[in-house]
Amino acid sequence: MGWEFILSPVSILGLLEWVAATPWSVALHESLYMWPLVESTHVLSLALLVGTAIMLDLRLLGVAMKRAPVSELTGRLLPWTRLGFVVMLATGLLLFYATPVRNYQNIFFRLKMVLLVVAGINVWLFHSRIHRSVGEWDLAMPPPRAARVAAVVSLVAWAIVVVSGRFIAYNWFDCDIQPQSAFVNWAAGCVVPE
Ligand code: HEM
């Protein structure tokens, strides 16, 4: 049994169907208060993660808090951004666990995961490369081009993450609503019987 089979949509689906049948997944999915509590925490922690990211991006674009040194802003905001990310990751995994098959085969969930990776790489590149020389451009107006490009990528990536996250709940492209277009069946990983 090679990696191709283990990573094939059929076996991942089989694994997620097993996860969906576990008592805790069923309990969370059918819960009256727990699921809404997790979902609300997921939405509220958006303010910490995406809210602080947007404030820094507006500074890097030179349109807000122009007299605040960038290094001071990143120093003050980053702990809140990190806290927001940890809470969003934890609540997101719980939301996924409540209906794993539906989320795995959800075109918006997949788009969101791809843009989360893009946003993550952009954050890593900014902090590991661009921000290293912040001492040279801490109050420069406008900030260097690389910092402004990182800010634009961040704003666009987080906007798509948030909008696609919101659309996960809508079933327009669900696999169990066939016929769907060949593109949707491919992008959502639908297993359509011949
Ligand atoms: C870390 C950055 C993240 C952001 C900014 C984010 C943002 C969002 C937003 C805005 C929603 C819509 C909430 C609503 O209005 O109903 C949402 C829903 C959702 N998120 Fe996230 N999310 C993040 C991470 C994750 C992760 C890591 C997962 C799972 C691995 C996840 C799983 C979900 C699921 C399953 C829903 C749909 C809940 C439903 O059925 O309505 N999220 N997310």
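Engineer: Help me understand the overall build of the chain in this model?
Structural biologist: The helix and strand tally for the chain stands at 10 helices and 0 strands. Over its C-alpha atoms, taken along the principal directions, the chain stretches across nearly 60 × 35 × 35 Å. A total of 194 residues make up the chain; the buried ones form 37% of that total. Total accessible area on the chain stands at roughly 11,900 Å², and carbon and sulfur atoms take up 73% of it. Where the 13 positive side-chain charges of the chain centre and where its 11 negative ones centre are 16 Å apart.

Engineer: Help me understand the state of the cysteines in this model?
Structural biologist: Taken as a whole, this structure holds 1 disulfide when the rule is applied. The partner cysteine of Cys175 in its disulfide is Cys190, sulfur to sulfur 2.0 Å. Its S-S torsion of about -80 degrees marks the bond between Cys175 and Cys190 as left-handed, since a negative value means left-handed. Taken together, the residues Cys175 in the loop between α9 (145-167) and α10 (182-188) and Cys190 in the segment after α10 connect sequence positions 15 residues apart. Each of the two residues, Cys175 as well as Cys190, counts as buried.

Engineer: Would you mind going over the confidence of the model for the chain with me for this structure?
Structural biologist: Reading fine detail from the predicted coordinates is not recommended where pLDDT is low. Put simply, the chain has an average pLDDT of 93, and 95% of its residues get 70 or more. Element-level pLDDT for the chain is lowest in helix α1 (residues 3-6), with a mean of 63, against a maximum mean of 98 in α9.

Engineer: For this particular structure, what's the right way to read the packing of helix α3 (residues 23-30) against helix α5 (residues 70-98)?
Structural biologist: For any two helices packed against each other, one specifies the crossing angle of their axes together with the interaxial distance. Look at α3 against α5: their axes get within 8 Å of each other, and the N-to-C directions meet at 100 degrees. When the axis of α3 is compared with that of α5, the two are roughly perpendicular. Residue-level inspection shows Trp24, Ser25, Leu28 and His29 of α3 in contact with α5, the latter providing Leu94, Tyr97 and Ala98.

Engineer: It is not clear to me how unusual backbone geometry should be interpreted in this structure. Could you clarify?
Structural biologist: In most cases, non-glycine residues show a negative phi, while peptide bonds are predominantly trans. A cis amide bond links Met141 to the next residue, Pro142, at an omega of -5 degrees. Structurally, the position occupied by Pro142 is in the loop between α8 (134-137) and α9. Cis geometry is adopted by the peptide bond preceding Pro179, which originates at Gln178 and carries an omega value of 0 degrees. Even without being glycine, Met65 reaches a positive phi, approximately 50 degrees. Topologically, Met65 is positioned in the loop between α4 (34-60) and α5.

Engineer: What am I meant to see in the environment of Gln105 here?
Structural biologist: Within the element layout of this structure, Gln105 appears in the loop between α6 (100-104) and α7 (107-128). Beyond its immediate chain neighbours, meaning those up to four positions away, Gln105 contacts Leu13, Arg110, Cys175, Ala188, Gly189, Cys190 and Val191. Within the structure, Gln105 has its side chain in polar contact with the backbone oxygen of Gly189 (distance 3.0 Å).

Engineer: Would you mind going over a nonpolar patch on the surface with me for this structure?
Structural biologist: Together, Val163, Phe167, Tyr170, Trp172 and Phe173 make up an exposed nonpolar region whose accessible area comes to about 450 Å². Checked against the element boundaries, Val163 lands in helix α9. The class of Val163 is partly exposed, set by a relative accessible area of 44%.

Engineer: Mind showing me how you'd approach the site of the ligand here?
Structural biologist: Around the ligand sit 26 residues in total, of which Glu39, His42, Gly92, Lys112 and Arg166 are the nearest. At 2.8 Å, a side-chain N or O of His42 approaches a nitrogen atom of the ligand. At 2.7 Å from an oxygen atom of the ligand is found a side-chain nitrogen or oxygen belonging to Arg166. Residue assignment for the shell around the ligand shows that the elements contributing at least two residues are α4, α5, α7 and α9.

Rules of the game
- Position numbers for residues start from 1 in each chain and track the written sequence from start to end.
- At least 70 in pLDDT is required for a residue's local features to be given in this predicted model, at least 80 for side-chain atom pairs to be given and counted, and no such filter applies to totals for whole chains, interfaces and linings, which use all residues.
- In computing side-chain properties, one takes all heavy atoms of the structure into account and sets aside hydrogens as well as water.
- Numbered from the N terminus, helices here are DSSP runs of H or I no shorter than four residues, and strands are runs of E no shorter than two.
- The buried label applies to any residue whose accessible area, calculated with a 1.4 Å probe on protein chains only, is under 20% of its type's maximum; exposed applies above 50%, and partly exposed to all values in between.
- Calculation of accessible area relied on Shrake-Rupley with a 1.4 Å probe; when residues are assessed, cover is drawn exclusively from the protein chains displayed.
- Positive charges come from Lys and Arg alone, negative charges from Asp and Glu alone, with His and the N- and C-terminal ends not counted.
- For this purpose, a charge sits on NZ of Lys, CZ of Arg, CG of Asp or CD of Glu.
- Criterion for a disulfide: a pair of cysteine sulfur atoms at a distance within 2.5 Å.
- A score from 0 to 100, pLDDT tells how confident the predictor is in each residue.
- To get an axis, a line is fitted to the C-alpha atoms, and for a helix only the part in contact is used. The angle between two axes follows their N-to-C directions and goes from 0 to 180 degrees.
- Here is the rule for angles: anything less than 35 degrees is roughly parallel, anything more than 145 is roughly antiparallel, 65 through 115 is roughly perpendicular, and the remaining ranges are oblique.
- By the convention used here, residues are in contact when the closest approach between their heavy atoms is within 4.5 Å.
- Under the rule applied, a polar contact is a pair of N or O atoms within 3.5 Å (in protein, one hydrogen donor and one hydrogen acceptor; residues adjacent in sequence only if both atoms are side-chain atoms).
- Each patch is built from residues that are more than 30% exposed by relative accessible area and take part in no salt bridge. Like charges join if they lie within 9 Å; nonpolar side chains (Val, Leu, Ile, Met, Phe, Trp, Tyr) join within 5 Å.
- Each reported salt bridge corresponds to a side-chain nitrogen of Lys or Arg within 4 Å of a carboxyl oxygen of Asp or Glu.
- Only a single heavy atom is needed: when it lies within 4 Å of a molecule or strand, its residue is near that molecule or strand.

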